[in-house]
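Spelled out, the chains give:
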2 protein chains.
Amino acid sequence: MGVDIETPLRSFIEDVASNKPTPGGGSVAAVTGALAAGLTSMVCRLTIGKKSYEEVEEEMEQLLKDSERLRDRLQALAVEDAQAYDTVIEALRMDRSTPEAKEERGRALQQALRDAAEVPMETSERSLDLLRVAQQVATKGNVNALSDAGVAAHLALAAFRGARLNVEINLSSIKSADYVAKRRSRLEAMSHEVEKLHTRSLTVIDERL
Amino acid sequence: MGVDIETPLRSFIEDVASNKPTPGGGSVAAVTGALAAGLTSMVCRLTIGKKSYEEVEEEMEQLLKDSERLRDRLQALAVEDAQAYDTVIEALRMDRSTPEAKEERGRALQQALRDAAEVPMETSERSLDLLRVAQQVATKGNVNALSDAGVAAHLALAAFRGARLNVEINLSSIKSADYVAKRRSRLEAMSHEVEKLHTRSLTVIDERL
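What counts, and where the lines are drawn
Within any chain, residue numbers begin from 1 and follow the written order of that chain's sequence. Working convention: letters from A go to chains and numbers from 1 go to ligands, in the order in which they are written. Per-residue local features are limited, in this predicted model, to residues with pLDDT of at least 70; the limit for side-chain atom pairs, both in listing and counting, is 80 or more; totals at the level of whole chains, interfaces and linings are taken over all residues. By convention in this description, side-chain values take in all heavy atoms of the structure and omit both hydrogens and water. For helices the rule is a DSSP run of H or I covering at least 4 residues; for strands it is a run of E covering at least 2, with both sets numbered from the N terminus onward. Type-normalised accessible area, obtained with a 1.4 Å probe on protein chains alone, sets the label of each residue: buried when under 20%, exposed when over 50%, and partly exposed for intermediate values. Think of each axis as a best-fit line through the C-alpha atoms, taken over the contacting stretch in the case of a helix, with angles from 0 to 180 degrees between the N-to-C directions. Any angle between 65 and 115 degrees counts as roughly perpendicular, while under 35 counts as roughly parallel, over 145 as roughly antiparallel, and the rest as oblique. It is the rotation of the near helix from the far one that decides the hand of a crossing: anticlockwise by less than a right angle makes it left-handed, clockwise makes it right-handed. Classification used: nonpolar for Ala, Val, Leu, Ile, Met, Phe, Trp, Tyr, Cys and Pro, charged for Asp, Glu, Lys and Arg, polar for all others including Gly. Stacked, tilted and edge-to-face are the three classes assigned to paired rings of Phe, Tyr and Trp, where Trp is represented by its six-membered ring and a pair needs centres within 6.5 Å; plane angles under 30 degrees give stacked, over 60 edge-to-face, the rest tilted. By definition, being over a ring means that NZ of Lys or CZ of Arg is both within 6 Å of the ring centre and within 35 degrees of the ring normal. N or O atoms closer than or at 3.5 Å make up a polar contact, with two conditions inside protein: a donor-capable atom paired with an acceptor-capable one, and, for residues adjacent in sequence, both atoms drawn from side chains. A contact between two residues is defined here by any heavy atoms of the two lying within 4.5 Å. The quantity reported as buried area is the accessible area (1.4 Å probe) lost by two parts once they are put together, taken as the sum for both. For salt bridges, the criterion is a side-chain nitrogen of Lys or Arg within 4 Å of an Asp or Glu carboxyl oxygen. Superposing the copies works by least squares over the C-alpha atoms of residues that have pLDDT at least 70 in both of them. The span expected for a helix works out to 1.5 Å for each residue beyond the first. Throughout this description, the term nonpolar core refers to a set of buried Ala, Val, Leu, Ile, Met, Phe, Trp, Tyr and Cys residues connected via side-chain atoms within 4.5 Å.

J.: What's the story with the overall build of chain A in this structure? I'm lost.
T.: If you tally the helices and strands in chain A, you get 6 helices and 0 strands. The secondary structure elements of chain A, listed N-terminal to C-terminal, are α-α-α-α-α-α. If you line up chain A on its principal axes, its C-alpha atoms span 75 × 40 × 25 Å. Sorting the 209 residues of chain A into buried and exposed places 57% on the buried side.

Here it is, written out as structure tokens:
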């Protein structure tokens, strides 16, 4: 159970493939985002210190900081996603033999479901942030690493879409209409932004290749 | 240098983020495909043996075999991508002090570029194969694991697009017009198929949720 970021890559993918529910899609979406952040960091580092990119050096230093911060956070979200899932399972297993126990279980479950929705919600937010970085890096980074910036944009889009799907699954069991409506509207707004940034990144890569 | 699939996940992502050119976008695209295959294998395993899915049990056993074969192959392609890159770098460093040496270097470089194009070319093919598996799994697999099938479809699409970008980068330096035209036309045909399968997977997930 759970997710350990120190596990060898091969074993991590094997754990995903197993019949254990974690690591599942939520953690894998976050890992994909972290891999995308790894690529944008690499493009920054292959740009910084190069004579022909002196003009954008300061900007690349800032983008590298943003990219590394997002990489760290997305790695942590991969772990948190599995923990949040386990809390939902615990709530589902709570006693429901009396009306009082049933009510308590219901409250605990609703809280666990909200917590479990917040993790992929943040993965969505960070994937959007990362697409902003990818678009900047594709526009101004070392032209020799353009395909890496492009792969980062494709992966960040997939991370966003995968995380969104995981939020929606949780929302479908959450009873507070207000909570659900707020999250849905934020996801919709993010989705437009993400698709726009993805398209822009690929257009600029096409132009610079 | 290179890619070791036994590296801890955290170190692997750190190596991507470093200023070393490998692991780069080609390897990361293949790893993303392998993660997607991990998710389709998980959905198969969460379907097999369940009473309400008896009807599709045989089909799920076959899909699991396909999925695990693709996972293995995509993991290997992540390693091969870095090796092929190193061979291109070696060719670029060959002597070109005499016309003969220059010609030999040119031949070696063209061969290395072709080899380096074939790796992401196969990653594209296997990502297409995987989207076929993801669509089947989304259509017939355990409904409780639908979001995992959806994340797999998003990731397989990103793996295809990322691999395609890596083929195209290599093709732009390959001189044989016939070789380049054949690969471009295959990529175009695969791309249509991949987008269609991705859309279909999400439609069926929407319907079943």
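Following the structure, the description resumes.
J.: Hey, could you run me through the packing of helix α4 (residues 99–140) of chain B against helix α5 (residues 146–171) of chain B in this one?
T.: Each pair of packed helices gets described by two things: the angle between the helix axes and the distance between those axes. Residue and element names in this part refer to chain B. The geometry of α4 relative to α5 is characterised by a closest axis approach of 8 Å and an angle of 160 degrees between their N-to-C directions. In terms of orientation, α4 and α5 fall into the roughly antiparallel class. α4 and α5 meet at a crossing whose hand is left-handed. Tallied by class, the residues present in the contact of α4 with α5 amount to 19 nonpolar, 5 polar and 1 charged.

J.: Explanation requested: the packing of aromatic side chains in the structure shown.
T.: Note on aromatic pairs: each is described by the distance of the centres and the angle between the planes. Taken as a whole and assessed by the stated rule, the structure comprises 0 aromatic pairs over all chains. In this arrangement the basic side chain of A:Arg183 is found over the ring face of A:Tyr179, its NZ or CZ atom lying 4.0 Å from the centre.

J.: How should the side chain of A:Arg126 be read in this particular structure?
T.: All names here are of chain A. The residue Arg126 is located in helix α4 (residues 99–140) in this model. Only 2.8 Å separates the side chain of Arg126 from the side chain of Asp129, close enough to count as a polar contact. Other than its neighbours up to four places away in sequence, Arg126 contacts Leu70, Arg73, Leu74 and Leu77.

J.: Just to check I follow, could you spell out the interface of chain B and chain A for this structure?
T.: Much of the literature gives interface size as the accessible area that the parts lose upon coming together. With 47 residues of chain B at the contact, the number on the chain A side is 47 residues. Taken together, the two surfaces of chain B and chain A that pack against each other cover about 4200 Å², and 72% of this comes from carbon and sulfur. Joining chain B to chain A, the criterion identifies 2 salt bridges. Of the charged contacts in the structure, one is a salt bridge between B:Arg10 and A:Glu6, with a shortest N-O distance of 2.6 Å. At the junction of chain B and chain A, the tally comes to 12 residue pairs in polar contact (both at pLDDT 80 or more). For the side of chain B that touches chain A, the secondary-structure elements that each account for two or more residues are α1 (9–17), α2 (25–45), α3 (57–92) and α5 of chain B. With 13 residues, the top contributor of residues to the side of chain B that touches chain A is α5(B). For the side of chain B that touches chain A, a count of residues per class yields 23 nonpolar, 15 polar and 9 charged.

J.: What am I meant to see in the relation of the copies chain B and chain A here?
T.: One copy of the chain maps onto the other through a rotation about an axis plus a displacement along that axis. The two copies are related by a screw motion: chain B maps onto chain A through a turn of 180 degrees and a shift of 0.0 Å along the axis, at an RMSD of 0.0 Å. Expressed as an axis order, the relation between the two copies is that of a two-fold axis. Relative to the rotation axis, the closest C-alpha in chain B is found at B:Pro8, a distance of 1.9 Å. When the interface residues of chain B are mapped onto chain A, 100% of them again fall at the interface, so both copies present the same face.

J.: How do you make sense of helix α5 (residues 146–171) of chain A when you look at a structure like this?
T.: Owing to its 3.6 residues per turn, the α-helix brings residues three or four apart onto one side. Its 26 residues place the ends of α5(A) 38 Å apart at the C-alpha level, agreeing with the 38 Å of an ideal helix rising 1.5 Å per residue. For α5(A), the tally of buried residues reaches 24 of 26 residues, placing the bulk of the element in the interior.

J.: Even after reading the chapter, I still don't get the nonpolar core, so can you show me in this structure?
T.: When a protein is soluble and globular, its nonpolar side chains tend to lie buried together. Grouped together as the largest cluster of nonpolar side chains are 136 residues, with contacts concentrated most on A:Leu35, A:Leu130, B:Leu35 and B:Leu130. If sequence neighbours within four positions are ignored, A:Leu35 has contacts with A:Leu155, B:Phe12, B:Ile13, B:Val16, B:Val28, B:Val31, B:Thr32 and B:Leu35.

Any link to function would need more than the numbers given here.
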